Each structure stands twice: as C-alpha cells, then as structure tokens.
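One letter stands for each residue in the lines below.
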Amino acid sequence: MKAASERHFSPGSPEETPLHKMLFLPAAALCCLCSALVTMVAGQLIQEDLTLTRRVGENVSFSCGGIQQCVGTYAYWYQKKENETFKAVLQIYKSDCRLSTRYNHPHKDDFSVEEKQNGCEFRIEKVKIDHSATYYCTCSYYIFGSGTKLSVTDEQVVKPVVSVYPAASRAHLEGNSSLLCVASAMFPPLVQFSWKRQKKNGGEAEELPPAEGEQLELRESGRTIAIRMVDGSDSDTYKYSCWVKHEGGTVEAQTQQGITRLSVCLFVSVCPSVSFQSQCRVKLLCLLYTVLIVKSLVYCCGLSLLMILTNKGASTNCTHAD
C-alpha cells in the first residue's frame, strides 16, 4: 500500500507535463521581458537611406549606424523580397567588420562588407535585376534597422512634388485640427514624412515629435498622403511645414490657406475624417489585445490551480486507501 501512495512521474510523462508547462510559463515570460529590456538598452540601428536606385552593373553600399553599440559579437544582414521570407546574407564581426559567415544565398559571391569611418558597410558588386529587394541590418539580439530598398532599374530618380493643406475633420469637435501633406510624382515611391512649426511672428522652426498615433499615412498609385493631428489652439500662433525625405533629396512645403474641406476630399479621394476613424480602430485593437492577454493569464492560472487540486485529491485518495 505504501507503494500505491507514492506517485513518482518521470520527466515528460503525461501526468507531469501540463503542470510542468504551467510552472515554466512565468519563467519564459520573465526571459522575454529581460530580452526586451536588453533590446531597449542596446539602442537602435539607423539606416539613413530609405531607397537606393542603381543601374545594372553598378555598385551599391548600405550603411547601418549604431551597430557598434549593439550587444554581442556579430552583426547580420538580411534580404527581404516582396512576398518572400527574410534570407540571411552575411554575418560579420562588429569590431573590425571582418566577414564571419557567408550564408548559402544564390548570390552569396556578390555580397561583401567593408570598414568605413562610421562603421561597417554592406556592399553589392555589379548589381543585377535579381538584387532588387529591401536589405536590413540586425544585431545579436535581433534589433532590426528600418531597411533600405534597392531598385535596379534604368529609371531616373525624381524628387516628389509636395503640397500641404489644412483639412477639416471631426477632430475639430475635440479642439484639434488636421494637416494634410501630399507627396506625388516621385520615383522611387517610398518617402518619409516629418513636420515642423514656426511662430508666425518669426523665430526658429522646431521639429514636431513623432506622431504616436496622431498621423495617418495613405499610399495610392503615384502619391503618398500623410494626415497629422495638431492642437487647434496653436493654429493662430504657428505656421506648419511638411518635410518629405526622399532619395532625390528632402522637399519642404508650407501650409496653404483657403482650401475647403470638399476640395481636399475630392483631391485625395479620401476624407480627412478617416484619421479620426483610424484612431478609433487603433484604440479598439489595443483594447481587444489587452482583453486577450488578460484572458490568457486567467486561463493559465485556472489551469495551474486545477492541476494542483487534482494532484492533491489524488494524494488524499491514496492516503485513505492506506
């Protein structure tokens, strides 16, 4: 009877596995949290070039700032084509930019790395059409840069035409106003928006901080549109300008007055009130995500409690049998 009261489970047995997994979950969550904190401390990788355009047979180099501040010994370069997964290209030593590993890539002999004053540069000799892709630098803790898109084509780089308009929207009911920036007729089509403001009576222009959910970007054929929410009380004090970063150069445009809501809506084929709707969607998604996390935690705690009670009940039954 003594043998019956002693329950020994071998590691991985069906009786032990659920409880074992439940006990492992907090440790796994802690590891993930620690990794995230290390990533935040390590900093960011900066790829200044949004796009690079080359003709067949030309050389191209990709820079990656901040790579020396990353944790670990190695840095990596990945290639990403549309509708395809990431492909590892090179592994390099961060300290002196020496090549460590050349991965089994179809064009591995075309890739190299060279040391520059500001760090290591990834280089492709004599580009081909098949080299067209987005290239990312990464660190040992998988901190990714923003990526640089390479276009191998005979087309010329063309700067965008930029216009800025005040746009009426539902946000006016909350004391905010909207600014609409349109970049069009550019090649390549990828651009990056930023905003500045300057007091109407003069003074230095100051850059607005990142929008953090207050900016909506829409991409259509031949143009990209950014809608930025600003404090309506500042509209009489400041004049705003939109800065569009592009491979051909940075273009600035200041707010134009006298544009009605109807004409703006017809011009961009989408009403600025979409910005309000987009914010609502983001808030709903955040709420849904939070509910799912809480539901998962409750489920895990309930399952752990159930397993503990089940094991305790089985031990009590064995004791009564004795």
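Look up: the structure comes first, before these words.
Here is a short report on the structure shown in this document.

Some thoughts on the overall build of the protein
The helix and strand inventory of the protein stands at four helices and 17 strands. Burial analysis of the protein (322 residues in total) assigns 34% to the buried set. The contacts of the protein with a sequence gap of at least 6 include a subset with a gap of at least 24, amounting to 61%. Carbon and sulfur atoms make up 57% of the accessible area of the protein, which totals about 19400 Å².

Some thoughts on the pairing of strand 4 (residues 87-93)
Sheet topology note: the strand 3 (residues 74-80)/strand 4 ladder contains six bridges and is antiparallel. Note on strand 4: the bridge partner recorded for Tyr78 is Ala88.

Considering the sheet that holds strand 6 (residues 111-116)
Consider a sheet: its strands pair through backbone hydrogen bonds, and that pairing is either parallel or antiparallel. Taken in spatial order, the three strands of this open sheet run 2-7-6, and their pairing is antiparallel. The open sheet has two free edges, formed respectively by strand 2 (60-62) and strand 6, since each of these has just one partner strand. Looking at each pair of strands side by side, their axes are set apart by 35° on average, direction ignored. Inspection of the sheet shows strand 6 paired to strand 7 (residues 119-124) by six bridges, in the antiparallel sense. Directly across from Glu115, in strand 7, lies its bridge partner Cys120.

A word on the environment of Val162
By the element assignment, Val162 lies in strand 10 (residues 161-167). Note: C-alpha distance between Val162 and Glu252 (90 residues apart in sequence) is 7.1 Å. For Val162, the contacting residues outside a window of four places in its chain are Cys181, Val182, Ala183, Val244, Val251 and Ala253.

A short note on the sheet that holds strand 4
Strand order in the open sheet made by the six strands is 1-9-8-3-4-5, with mixed pairing throughout. Lying at the two open borders of the sheet, with one neighbouring strand each, are strand 1 (51-54) and strand 5 (99-102). Within the sheet, the average angular offset between the axes of one strand and its neighbour, ignoring direction, is 20°. Note: strand 4 against strand 5, three bridges, orientation antiparallel. Counterpart to Gln91 in the pairing with strand 5 is Thr101.

Each value, and the rule that gives it
Residues numbered from 1 in each chain as written. Predicted model: local features only at pLDDT ≥ 70, side-chain atom pairs only at ≥ 80, totals over all residues. Heavy atoms only, no water. Helix = DSSP H or I, 4+ residues; strand = E, 2+ residues; numbered from the N terminus. Buried < 20%, exposed > 50% of the residue type's maximum accessible area, 1.4 Å probe, protein only. Contact = heavy atoms within 4.5 Å. Areas by Shrake-Rupley, 256 points an atom, 1.4 Å probe, with all protein chains shown as cover. Pairing = 2+ DSSP bridges. Axes fitted to C-alpha atoms, helices over the stretch in contact; angles between N-to-C directions.

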